[in-house]
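If you want the building blocks of each chain, they are given just below.
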Amino acid sequence: MRIIGGEKGGLRFQPPANMPHTRPTTDIAKGGLFNILENNLDFPTLKTLDIFGGTGSISYELSSRGVTDLTIVEKDPEMADYIKKTAKILEVPLKLQRMDVFKYLEQCTEKFNFIFAGPPYALTTIDQLPLIIFEKQLLEPEGWFVLEHTPRNNYKNYSYYRTERNYGTTIFSIFINREELKK
């Protein structure tokens, strides 16, 4: 795992040896995403939710840019332990929920300014994520939901869809909770 913008204290972090075989978000794609976010969001004021947390790299990057209200949902116990251990080393205060993302979303009553979903590309229920997030009203007005997916998924006709950024096999679809953007 590499943290964009430099490593804290010169430390390098290795994900667990038995990390599930999912695709890592490329540094180029992640860098591109954070350039967009920096130009549109006020990081220190954000309340964020990172679902399918993986190694936690998205939340660590958000923290490095001033976000202090971070929640990560990760079902895999070993990955959740890794997130907890790494957050402690990096001194990143976060709330870690060890549970299935869909169960978390169904019971969640909080609202967020930014939600990131980087699910496994083989997830068969990926297309439900934008529907659930907006049906459950989990975003504050003007809040952003970013869904990472492959070119085989298309969200251009979904409510609140705004734009996408294509980095080859990694695409970020961006949804904004703004009425005039609802389709």
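Located above this text is the structure these notes cover.
Below you will find a few notes about this structure. (Residues numbered from 1 in each chain as written. Predicted model: local features only at pLDDT ≥ 70, side-chain atom pairs only at ≥ 80, totals over all residues. Heavy atoms only, no water.)

## Considering the overall build of the protein chain
Line of reasoning, step 1. Within the protein chain one finds five helices and seven strands.
Line of reasoning, step 2. Shown N-terminal to C-terminal, the secondary structure of the protein chain runs as helices and strands in the order α-β-α-β-α-β-α-β-α-β-β-β.
Line of reasoning, step 3. When each of the 183 residues of the protein chain is scored for burial, the buried share is 49%.
Line of reasoning, step 4. Partitioning the contacts of the protein chain with sequence separation of at least 6, the portion at a separation of at least 24 is 64%. (Helix = DSSP H or I, 4+ residues; strand = E, 2+ residues; numbered from the N terminus. Buried < 20%, exposed > 50% of the residue type's maximum accessible area, 1.4 Å probe, protein only. Contact = heavy atoms within 4.5 Å.)

## Section: the environment of E148
Line of reasoning, step 1. Turning to its location among the elements, E148 is positioned in strand β5 (residues 139–149).
Line of reasoning, step 2. Distance in space between the C-alpha atoms of E148 and G118 is 5.0 Å, their sequence separation being 30 residues.
Line of reasoning, step 3. For E148, the side chain forms a polar contact with the side chain of Y121, separated by 3.1 Å. (Polar contact = N/O pair within 3.5 Å; in protein donor to acceptor, adjacent residues only side chain to side chain.)

## A word on the environment of E164
Line of reasoning, step 1. Within the fold, E164 resides in strand β6 (residues 161–167).
Line of reasoning, step 2. Expressed as a C-alpha distance, the spacing of E164 and E148, which sit 16 residues apart in the sequence, is 9.6 Å.
Line of reasoning, step 3. Those residues in contact with E164 that lie beyond four places of it in its chain are K156, I171, F172 and S173.

## Things to note about the pairing of β5
Line of reasoning, step 1. In terms of residue burial, β5 counts as a mostly covered element, since eight of its eleven residues are buried.
Line of reasoning, step 2. Pairing between strand β4 (residues 112–117) and β5: five bridges, direction parallel. Looking at the pairing, A117 lines up with L147 of β5.
Line of reasoning, step 3. Considered for its hand, the β-α-β crossover made up of β4, helix α5 (residues 128–135) and β5 is right-handed.
Line of reasoning, step 4. Note: β5 against strand β7 (residues 170–176), six bridges, orientation antiparallel. Note that in β7 the partner of F145 across the bridge is F175. (Pairing = 2+ DSSP bridges. Right-handed = clockwise from strand over helix to strand, strands pointing away.)

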